[in-house]
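Spelled out from the first residue to the last, the chains are:
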Amino acid sequence: MKAPYDLSGMRILLTGAAGGIGSATARLCASLGAEMILTDVVEDAALLAELRQDGRNHVFETCDVRSRAEVETFCTRNFPLDALILNAGIFPKEDWLGDDWHEQFREAMDVNVAGPANFVRATLAHMKGRGAGRIVLLGSIAAHTGGTHAHSPMHYGASKGAVHTFVRWLARRAAPEVLVNAVAPGSTQTRMVAMASPDALKGMPIPRFGRPEEIAWPLAFLCSPGASFMCGAIVDVNGGAFMG
């Protein structure tokens, strides 16, 4: 029997791998023994070279998560897969009263909601046919609260609310072979919150931004044998900013 947090022998597909949470998750999962299949809109050659120092054949390819055809080609080319970590997302900041807001709303839904759905549609039958699999999605505290900062965009919160619904909808249909769960981060030190003031967090139980690795740890855990009885869970990782 494998140790509870051992990922050795697993092939894990990770989207949004070039970002702060994505790259931290790639490093962590690789350190736990996984072979990583990474994708983002741009390739991070330095990250790939770093990971390959362990001697495993990690992969990094570009892929547009909005394109079902492109996602299916990418996934099929990289079968077999044991787990998905669907981390890719955008944080559009346009004012909802702006003239182009409808276009930005559709973009948020295409990337944050339809993107993960594209990967699930391309891989779920494959995983169920193998008799096992893990799918981990990235939700957000914004799905619970509407956003923790005054500048939090409505279309981001709405898209992450849809992700939380998707997790629960999918978990019932994928089990028992494939376990579906999510992590809902609070404010984390990434480009998404570059304009946010730390002062907004002073009243929180843990009054600081999270670090990318603090989100990576629960993401990796949900892929591990230690999460074998978790199904449809949304794990809140936000320093106590939301206690639901």
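Everything numeric in this text was worked out from a predicted model, so none of it was measured.

## Observations regarding the overall build of the chain
Thought 1: The helix and strand inventory of the chain stands at seven helices and seven strands.
Thought 2: Along the chain, helices (α) and strands (β) appear in the sequence β-α-β-α-β-α-β-α-β-α-α-β-α-β when read from the amino end.
Thought 3: Here the C-alpha atoms of the chain give a radius of gyration of 17 Å, agreeing with the 18 Å that 2.2 N^0.38 yields for 244 residues.
Thought 4: Dimensions of the chain, computed from the C-alpha atoms along their principal axes, are close to 50 × 40 × 40 Å.

## Topic: the sheet that holds strand β1 (residues 11-15)
Thought 1: An order of β3-β2-β1-β4-β5-β6-β7 is seen for the seven strands of this open sheet, with the pairing classed as parallel. Pairing within the sheet leaves two strands with one partner each, and these edge strands are β3 (59-62) and β7 (234-237). Going across the sheet, the axis of each strand differs from the next one's by a mean of 15°, ignoring polarity.
Thought 2: Each of β5 (133-138), β6 (178-185) and β7 is contacted by helix α6 (residues 154-174), which is oriented at about 160° to β6, the strand it contacts most.

## Here's the deal with the pairing of β5
Thought 1: With respect to burial, β5 is a largely interior element, six of its six residues being buried.
Thought 2: Side chains Gly-133, Ile-135 and Leu-137 of β5 all project onto a buried face; the interleaved residues Arg-134, Val-136 and Leu-138 project onto the opposite face, where all are buried too.
Thought 3: For strand β4 (residues 83-86) and β5, the ladder comprises four bridges, and the chain directions are parallel. Bridge pairing in β5 links Leu-84 to Ile-135.
Thought 4: A crossover links β4 with its parallel partner β5, the connecting element being helix α4 (residues 101-130), and its sense is right-handed.
Thought 5: In this structure, β5 lies alongside β6, joined through six bridges in parallel fashion. Bridging across to β6, Arg-134 finds its partner in Leu-179.

## Details of the pairing of β4
Thought 1: Residues Ala-83 and Ile-85 point to one face of β4 and Leu-84 and Leu-86 to the other, with burial holding for every one of them.
Thought 2: One ladder, built from three bridges, connects β1 with β4; its direction is parallel. Across the sheet, Leu-14 pairs through a bridge with Ile-85, a residue of β4.

## Describing α4
Thought 1: Along its 30 residues, α4 runs 43 Å from first to last C-alpha, staying within 8% of the 44 Å computed at 1.5 Å per residue.
Thought 2: Thr-123 marks the point of greatest bend in α4, at about 40°.
Thought 3: At the C-terminal side of α4, Gly-131 shows a positive phi close to 90°.

About the cut-offs
Residues numbered from 1 in each chain as written. Predicted model: local features only at pLDDT ≥ 70, side-chain atom pairs only at ≥ 80, totals over all residues. Heavy atoms only, no water. Helix = DSSP H or I, 4+ residues; strand = E, 2+ residues; numbered from the N terminus. Rg over C-alpha atoms; globule rule 2.2 N^0.38 Å. Pairing = 2+ DSSP bridges. Axes fitted to C-alpha atoms, helices over the stretch in contact; angles between N-to-C directions. Contact = heavy atoms within 4.5 Å. Buried < 20%, exposed > 50% of the residue type's maximum accessible area, 1.4 Å probe, protein only. Right-handed = clockwise from strand over helix to strand, strands pointing away. Expected span 1.5 Å × (residues − 1). Bend = angle between axes of the 7 residues up to and from the residue.

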